[in-house]
Amino acid sequence: MYEPLTEQKAIALAVRLGLFGKDALLSCQEIGDGNLNLVFRIVNERTNDSIIIKQALPYAKVVGESWPLTLKRATIESQALRTFASYVPQYVPKVYYSDESLAITVMEDLSHLQIARRGLIEGKTFPKLSEHIGEFIAKTAFYTSDFGMNQQQKKKLAQQFTNPELCKITEDLVFTDPFFDHDTNNFEAELRADVEQLGQDDVLKCETAKLKRLFLTKADVLLHGDLHTGSIFASDDETKVIDPEFAFYGPIGFDLGQFFANLLLNALARDERDREPLFHHIEKTWNVFVRTFSELWRESDEPYAQISGVLQDVLHDAKIEAIGFAGCEVIRRTIGLAHVADVDELPLERRLDAKRHALRLGRALIVQREQLPIQAIKQLVQQTVH
Ligand code: ADP
Ligand code: MG
Ligand code: MG
Ligand code: MG
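Position labels on residues start from 1 in each chain and follow its written sequence. Working convention: letters from A go to chains and numbers from 1 go to ligands, in the order in which they are written. For this predicted model, a pLDDT threshold of at least 70 governs which residues receive local features, and a threshold of 80 or more governs which side-chain atom pairs are given and counted, while totals over whole chains, interfaces and linings are taken from all residues. The side-chain numbers reported here are obtained from all heavy atoms of the structure, hydrogens and water having been left aside.

Caption draft 1: View of the domain arrangement of the protein chain. What the domain assignment lists for the protein chain is domain 1 (7-108) and domain 2 (114-383). Note that the domain bounds reflect an automated or database-derived domain assignment. The C-alpha centroid of domain 2 is placed 26 Å from the C-alpha centroid of domain 1. Any two residues whose heavy atoms approach within 4.5 Å at even a single point are treated as in contact. Taken together, the contacts link 23 residues of domain 1 with 28 residues of domain 2. Taken together, the two surfaces of domain 1 and domain 2 that pack against each other cover about 2300 Å², and 70% of this comes from carbon and sulfur. The term buried area means the drop in 1.4 Å probe accessible area that two parts suffer when joined, counted for both and summed. Contact with domain 2 buries area across many residues of domain 1, yet Phe84, Tyr87 and Tyr91 alone supply 32% of it, more than any other trio. The working definition used for a salt bridge is a side-chain nitrogen of Lys or Arg within 4 Å of a carboxyl oxygen of Asp or Glu. Counting across the interface, domain 1 meets domain 2 through two salt bridges. With its nearest N and O atoms 2.7 Å apart, the salt bridge here joins aspartate 243 to lysine 54. Definition of a polar contact: a pair of N or O atoms within 3.5 Å, with one able to donate and the other able to accept a hydrogen when the atoms are protein atoms, and with sequence-neighbouring residues admitted only if both atoms are side-chain atoms. There are seven residue pairs in polar contact (both at pLDDT 80 or more) connecting domain 1 and domain 2. Counting residues per element, the side of domain 1 that touches domain 2 draws most heavily on helix H2 (residues 72-87), which supplies ten residues. Residue type decides the class: Asp, Glu, Lys and Arg count as charged, Ala, Val, Leu, Ile, Met, Phe, Trp, Tyr, Cys and Pro as nonpolar, and the leftover types, Gly among them, as polar. Class assignment of the residues belonging to the side of domain 1 that touches domain 2 gives a composition of 13 nonpolar, five polar and five charged. Starting at the N terminus, helices and strands are each numbered in turn, a helix being any DSSP run of H or I of at least four residues and a strand any DSSP run of E of at least two.

Caption draft 2: Structural context of the packing of helix H8 (residues 202-217) against helix H13 (residues 348-367). Two elements in contact, H8 and H13, have axes separated by 9 Å at closest approach and are oriented at 65°. As for the relative orientation of H8 and H13, their crossing is left-handed in sense. Contact with H8, carried on its side by Val203, Leu204, Glu207, Thr208 and Leu211, involves Arg363, Ile366 and Val367 of H13 and no other residues of that element. Class assignment of the residues belonging to the contact of H8 with H13 gives a composition of five nonpolar, one polar and two charged. Working convention: axes come from line fits to C-alpha atoms, limited for helices to the stretch in contact. Angles between N-to-C directions cover 0 to 180 degrees. Handedness of a crossing follows from how the near helix is turned relative to the far one, being left-handed for an anticlockwise turn of less than a right angle and right-handed for a clockwise one.

In structure tokens form, the structure reads like this:
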């Protein structure tokens, strides 16, 4: 039977599950800073062993009980973590236990690492971040695609990751509301004219409609679905991806695009001279993705895989999607419901500059995505200053 855990109940659960030794002295703290769920950290004070229990609530915490949200997302999350672990165990927390009726995932405590968004805001570089995320995306994408797994099994896996409620959040908040005058939007009064201009931009809206349609229809690979820098724990040498409750079968470029967008938003929040590490991360993620995905492609049993031009076509689509989805994410994080701390923590004048720049950059990424090489994103940032 479902009930929301308290710190005391989380400890009792950990004891009941035998997750710690008999003489453990347990303490617990709710540390969740996300929008949707509870996160309990339980520590054995005698040994310093620790675990995390993440629990879904039957509503979105950020909005409150007026926004009901399926508990099934906890099952999607634990299944996605386990699926990713079968390909890239080094990049996800270990799952120790999960319970569908309680909507919990019990997992490895990653508190020795830092949420990448927070570290990037502090000016950290995380030198391995792009190598690791490029490999994470390439391997999970390839091995869950029709070129990397049995095509009948893939259809079953895609069914298991049918995630309509969480996909709807993305369909509304990323692809729709920011481009229409919707009451979920959230922006400074000073940006009213800029937002209205977006709403009247039929060229832009036609392109975002195409991207939304891809998101709705292209069941290509298993995606994380919410791969912003707040879903990544990092240090100088380790990277772990958390929070895949939005996982579903979708277009190959989506996770790349969300990751790029969040790096770009961090770049826009910095002085111009400090942006280089972010551009470097974008290019390196892409290069590692292409290299790793192309190496795996040689293993494919699909008869068309070795036909000249097929891999190039897949990678070309991935690039166009990544840039277009990045544009949508940049815009929605600027004027939509959920923002990023990178920009929101700036003082008003700098924030307004960064946000106006973000809107121009987002638009340019979307409408130029077919012609733009990844290496040109950096110039595009410069070209959209005014
Ligand atoms: P939400 O879905 O609500 O966004 P997250 O999975 O992103 O929840 O977790 C929210 C926060 O809880 C993270 O930003 C992090 O501070 C903490 N957290 C989540 N998982 C772990 C973990 N495995 N180890 C340590 N801290 C964690
Ligand atoms: Mg926290
Ligand atoms: Mg989160
Ligand atoms: Mg989440």
